[in-house]
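# Working through the structure, step by step
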Amino acid sequence: MCMYFNLFWSFFKVGLFTFGGGYAMLPLLQREVVSKGWASDDELLDYYAIGQVTPGIIAINVSTFVGYRIKGIPGALCTMVGVVLPSILIISSLAYGLAYIWENTYVQHAFSGIRLMIAALLMPTILKLIQKSVIDYWTLFILILSFAATFYFSISPLIIVISSAILGILLIKWKKNKS
């Protein structure tokens, strides 16, 4: 019973402190999942990648993968409820006064600060992802191409993920045929 609560509580914290969507939760997931030995860095990145390309919210997908790996279906339910419950509680609490809250200058400034904090929290995780993923000039090329497709051409992330996966597969096949 204690492990189910630990799964729930860890993902409740991830859900409670994740502002800004799926990317913002990576540092929290790393702390809550990897540091507890529930998954390695590589496994967590795999869960995250799968969570991005499967339908649904990334946080729910990743939490379900981790919970299922640790304790099967009951574990998946604990992590899924844990990651969703904070949002439900916060949104329900704020729904009544939403118009007033968004017009409040302090709230607007607070969210500006939160966005900056998210960017700062993401930097170490992004650098770690790049260090683990860029292993040669070809993978650096895929990184640069993906970056350009996102920021300069506004191509859909789904298309970029699928294209990068195809390029990665072709790269491996090319390297095997070359050697």
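Attention in this report is confined to the structure presented alongside it.

To continue, consider the environment of K175. With respect to the helices, strands and loops of the structure, K175 is situated in helix α8 (residues 157-178). With relative accessibility at 35%, the residue K175 sits in the partly exposed group. Within polar-contact distance, the side chain of K175 engages the side chain of D136 at 2.3 Å.

Turning our eyes to something else, we now look at the nonpolar core. Grouped together as the largest cluster of nonpolar side chains are 19 residues, with contacts concentrated most on F11, M25, L29, V33, V62 and V66. Secondary structure elements with two or more residues in this core: α1 (2-17), α2 (26-34), α3 (41-53) and α4 (58-95). Examining the composition of this core, we find that 6 residues originate from one element, α4, more than from any other. Filtering out sequence-adjacent residues up to four positions away, F11 remains in contact with L29, V33, W38, S63, V66, T79, G82 and V83.

A surface patch of nonpolar side chains, about 990 Å² in accessible area, is lined by V53, W138, F141, L145, L158, V161, I162, I166, L167, L170 and W174. With respect to the helices and strands, W138 occurs in helix α7 (residues 137-151). Taking relative accessible area as the criterion, W138 reaches 44% and is therefore assigned partly exposed.

Turning to α4, a few remarks are in order. For α4, which comprises 38 residues, the first-to-last C-alpha distance of 24 Å sits more than 12% below the rise-based estimate of 56 Å (1.5 Å per residue). A bend of about 145° at K71 is the largest found in α4, and the proline P74 appears one to four places after it.

It is worth spelling out the pattern of salt bridges at this point. Counted according to the given criterion, the structure contains 6 salt bridges. The closest approach of N and O atoms between K132 and D42, which form a salt bridge, is 3.7 Å. Highlighted residues: K132 in helix α6 (residues 105-133) and D42 in helix α3, separated in sequence by 90 residues. Classification of K132 as partly exposed rests on a relative accessible area of 37%. Residue D42 is classed as partly exposed on the basis of its relative accessible area of 44%. For R69, the salt bridge is made with E43, and the minimal N-O distance between the two is 3.2 Å.

Rules used throughout
Residues numbered from 1 in each chain as written. Predicted model: local features only at pLDDT ≥ 70, side-chain atom pairs only at ≥ 80, totals over all residues. Heavy atoms only, no water. Helix = DSSP H or I, 4+ residues; strand = E, 2+ residues; numbered from the N terminus. Buried < 20%, exposed > 50% of the residue type's maximum accessible area, 1.4 Å probe, protein only. Polar contact = N/O pair within 3.5 Å; in protein donor to acceptor, adjacent residues only side chain to side chain. Core = buried A, V, L, I, M, F, W, Y, C linked by side-chain atoms within 4.5 Å. Contact = heavy atoms within 4.5 Å. Patch = residues over 30% accessible without salt bridge, like charges linked within 9 Å, V, L, I, M, F, W, Y side chains within 5 Å. Areas by Shrake-Rupley, 256 points an atom, 1.4 Å probe, with all protein chains shown as cover. Salt bridge = Lys/Arg side-chain N within 4 Å of Asp/Glu carboxyl O. Expected span 1.5 Å × (residues − 1). Bend = angle between axes of the 7 residues up to and from the residue.

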